[in-house]
Amino acid sequence: MNTTTEPVTGRIHSWDLSTGVDGPGTRFVLFVNGCPLRCLYCANPDTWHLRDGKQTTVDEVMAEIDKYRAFITTAGGGVTITGGEPLLQSAFTGEVLRRCKQADLHTALDTSGFLGARATDELLADTDLVLLDIKSFDVTAYRELTGGELAPTLNFATRLDRLGRRMWIRYVLVPGWTDDPKAVDGLARFLAGLGNVDRVEVLPFHKLGAAKYDALGLHFPLRNTLSPSPELVRRVQEQFRERGLTAF
C-alpha cells in the first residue's frame, strides 16, 4: 500500500525580517499570495492573485525560518504570516503555524478576518497572536473601501475572544474614509467589550505602494488622498483610550 503523503504547498510572495512592526520582537515575516478584498489603500497589490505567487512547500519555508531561528528567538520574536490574506490558503498557513509551534517559535497571524471562518480551532490554537486589521466600523464605508462585508471580521474577533487568543488591532486611518468620530467610537466600544485586545495600532495612511500600482499598470484609487495630520492621529488614538484601550 502506498503511504506516501504529498507535501503541503502554498503560494508565497516573499519573506522579510522586521522588528516591532509585525508582532513582538524581531520577526520572520512570510508574505503569502491571494486576497479576496481590494482595499483602496492596499500597499501590496502584487500579492492579490494566487497565480502570481511562488509555489513553495512547508518544508522549504521551515528551512528558511531555521536559518534565522537563533536570531529571532534571541530578539524575543518569532514568525508572522501575512499577505495577501493568509486564510485564503488556510491549510498551508495552518501547517506552517503548527510546525512553528512544534519548534517553540512564537507565532502571529496578520489577517483582515474576512475569511475567519476558514481558520480551524486547531489553526488558532497554534497562533499566539492575531494581528486583526479592522478596516472600518461603518458597514457602508467598509464595503466601499474593501469590496467586502464587515460582519465576518467582527464575528472572528468575537470568536478569538471566546477562544482566548490575544489580538493586536490594526486600524488604518484614511482621511475622509475611516476618520468619522462616530464610527471610530463604535469600534472602540466594540473592542472594549472584548477581553483579548492587547493594543490598538492606529496606522496613518501612506502612499508608499503607489509605485507598485504604476509597475503593474493599475490605477491607485487614493493617489490624491493626503496622509492624516498628527492632530487627527492623536484624536483617533484618544478615542480608543477613552474606552480603556491601549492605543498607539
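This structure is a prediction, so every number in the text was calculated from the model and none was measured.

Criteria and thresholds
- Residues numbered from 1 in each chain as written.
- Predicted model: local features only at pLDDT ≥ 70, side-chain atom pairs only at ≥ 80, totals over all residues.
- Heavy atoms only, no water.
- Helix = DSSP H or I, 4+ residues; strand = E, 2+ residues; numbered from the N terminus.
- Buried < 20%, exposed > 50% of the residue type's maximum accessible area, 1.4 Å probe, protein only.
- Polar contact = N/O pair within 3.5 Å; in protein donor to acceptor, adjacent residues only side chain to side chain.
- Contact = heavy atoms within 4.5 Å.
- Salt bridge = Lys/Arg side-chain N within 4 Å of Asp/Glu carboxyl O.
- Pairing = 2+ DSSP bridges.

### Concerning unusual backbone geometry
With omega at 10 degrees, the peptide bond leading from Gly 83 into Gly 84 counts as cis. Relative to the assigned elements, Gly 84 resides in the loop between strand S4 (78–82) and helix H3 (90–102). The backbone of Asp 104 sits at a positive phi, close to 60 degrees, despite the residue not being glycine. By the element assignment, Asp 104 lies in the loop between H3 and strand S5 (106–111). Of the residues examined, Asp 104 reaches a relative accessible area of 66% and is grouped as exposed.

### A word on the side chain of Thr 111
Mapped onto the elements of the fold, Thr 111 is located in strand S5. Looking at Thr 111, the relative accessible area reads 1%, which means it is buried. A polar contact of 2.9 Å, which involves the side chain of Thr 111, links it to the side chain of Glu 85. Looking at Thr 111, its side chain comes within polar contact range of the main-chain nitrogen of Gly 113, at 2.9 Å. Setting aside chain neighbours within four positions, we find Thr 111 in contact with Glu 85, Leu 87, Val 130, Leu 131, Leu 132, Asp 133 and Phe 156.

### Considering the pattern of salt bridges
Under the counting rule described, the total for this entry stands at 17 salt bridges. Taking the shortest distance from any N to any O, the salt bridge between Arg 170 and Asp 22 comes out at 3.5 Å. Taken as a pair, Arg 170 in strand S7 (residues 166–173) and Asp 22 in the loop between strand S1 (9–19) and strand S2 (26–32) lie far apart in primary sequence, 148 residues in all. Each member of the pair Arg 170 and Asp 22 is classed as buried. The shortest N-O distance in the salt bridge between Arg 223 and Asp 214 comes to 2.8 Å.

### Some remarks on the pairing of strand S6 (residues 129–133)
Summarising burial for S6: 5 of the 5 residues are buried, a large majority. Side chains Leu 129, Leu 131 and Asp 133 of S6 all project onto a buried face; the interleaved residues Val 130 and Leu 132 project onto the opposite face, where all are buried too. Sheet analysis places S5 next to S6, joined by 4 bridges and oriented parallel. If you follow Thr 111 over to S6, its bridge partner there is Leu 132. Here S6 runs beside S7; their pairing, made up of 5 bridges, is parallel. The partner of Asp 133 across the bridge, within S7, is Arg 170.

What is shown is where atoms sit, not what they do.
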